[in-house]
Amino acid sequence: MALGNSPTRTTRLVVSGRVQRVGFRDWVRRTARRLELDGWVRNLADGRVEMLVAGRRVDVDEMIARCRNGPQSATVAGVDVVECAAGEGPARGSGFKILPTA
């Protein structure tokens, strides 16, 4: 089955802009949990926020769309989206967590 036709999707996102010290990671975790996604989010030393999200394709698509705006306190300048190969990423049902800064 081609990656684009899969009912599940794992994606790495890197969000730039004013996304640190504005509650972005907590917002991502809450949003991901509502969408029943697995994965993680962390700050990067350069001021961006990185996350890995996995779940139903429709829910991952929704997460990407929401990250383009972020929480009200953030100013998102860009979202880089990188598709992960099948088998990469968190195990289904592992939950969503905040990791230390990388």
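Attention in this report is confined to the structure presented alongside it. None of these values were measured; they are calculated from a predicted model. (Residues numbered from 1 in each chain as written. Predicted model: local features only at pLDDT ≥ 70, side-chain atom pairs only at ≥ 80, totals over all residues. Heavy atoms only, no water.)

Quick look at the environment of glutamate 50
- Looking at the secondary structure, you find glutamate 50 in strand β3 (residues 49-56).
- Residue class for glutamate 50 comes out buried when judged on its relative accessible area of 5%.
- Each C-alpha atom of the pair glutamate 50 and arginine 12 lies 7.3 Å from the other, and the pair is 38 residues apart in sequence.
- With residues near it in sequence (within four places) discarded, glutamate 50 still touches Arg12, Leu13, Val14, Trp40, Val41, Arg42 and Leu44.
- Reaching out from glutamate 50, the side chain makes a polar contact with the side chain of arginine 12 at a distance of 2.6 Å. (Helix = DSSP H or I, 4+ residues; strand = E, 2+ residues; numbered from the N terminus. Buried < 20%, exposed > 50% of the residue type's maximum accessible area, 1.4 Å probe, protein only. Contact = heavy atoms within 4.5 Å. Polar contact = N/O pair within 3.5 Å; in protein donor to acceptor, adjacent residues only side chain to side chain.)

Re the packing of helix α1 (residues 24-34) against helix α2 (residues 57-67)
- Packing of α1 against α2 brings their axes to within 11 Å, and their N-to-C directions diverge by 155 degrees. Considering the angle they form, α1 stands roughly antiparallel to α2. Note on packing geometry: the crossing formed by α1 with α2 is right-handed. Here Phe24, Trp27, Val28, Thr31 and Ala32 of α1 lie close against α2, whose contacting residues are Met63, Arg66 and Cys67.
- When grouped by side-chain class, the residues that make up the contact of α1 with α2 number six nonpolar, one polar and one charged. (Axes fitted to C-alpha atoms, helices over the stretch in contact; angles between N-to-C directions. Parallel < 35°, antiparallel > 145°, perpendicular 65-115°, else oblique. Left-handed = near helix turned anticlockwise from the far one by under 90°. Nonpolar A, V, L, I, M, F, W, Y, C, P; charged D, E, K, R; others polar.)

Comments concerning α2
- Among the residues of α2, those classed as buried are Arg57, Asp59, Val60, Met63, Ile64 and Cys67. Along α2, the residues classed as buried sweep out an arc of 165 degrees about the axis, all on the same side.
- Those residues of α2 hidden inside the fold are in contact with β1 (8-18), α1, β3 and β4 (75-83). (Arc of directions from axis to C-beta.)

Details of the packing of aromatic side chains
- Under the defined criterion, the tally for this structure stands at one aromatic pair.
- Between phenylalanine 24 and tryptophan 27, the aromatic rings sit 5.5 Å apart at their centres with planes inclined by 50 degrees, giving tilted as the arrangement. Of the two residues, phenylalanine 24 and tryptophan 27 both sit in helix α1, three residues apart, roughly one turn of that helix. In this pair, the class of phenylalanine 24 matches that of tryptophan 27, namely buried. (Phe/Tyr/Trp six-rings, centres within 6.5 Å; stacked < 30°, edge-to-face > 60°.)

That is the geometry; function is a separate question.
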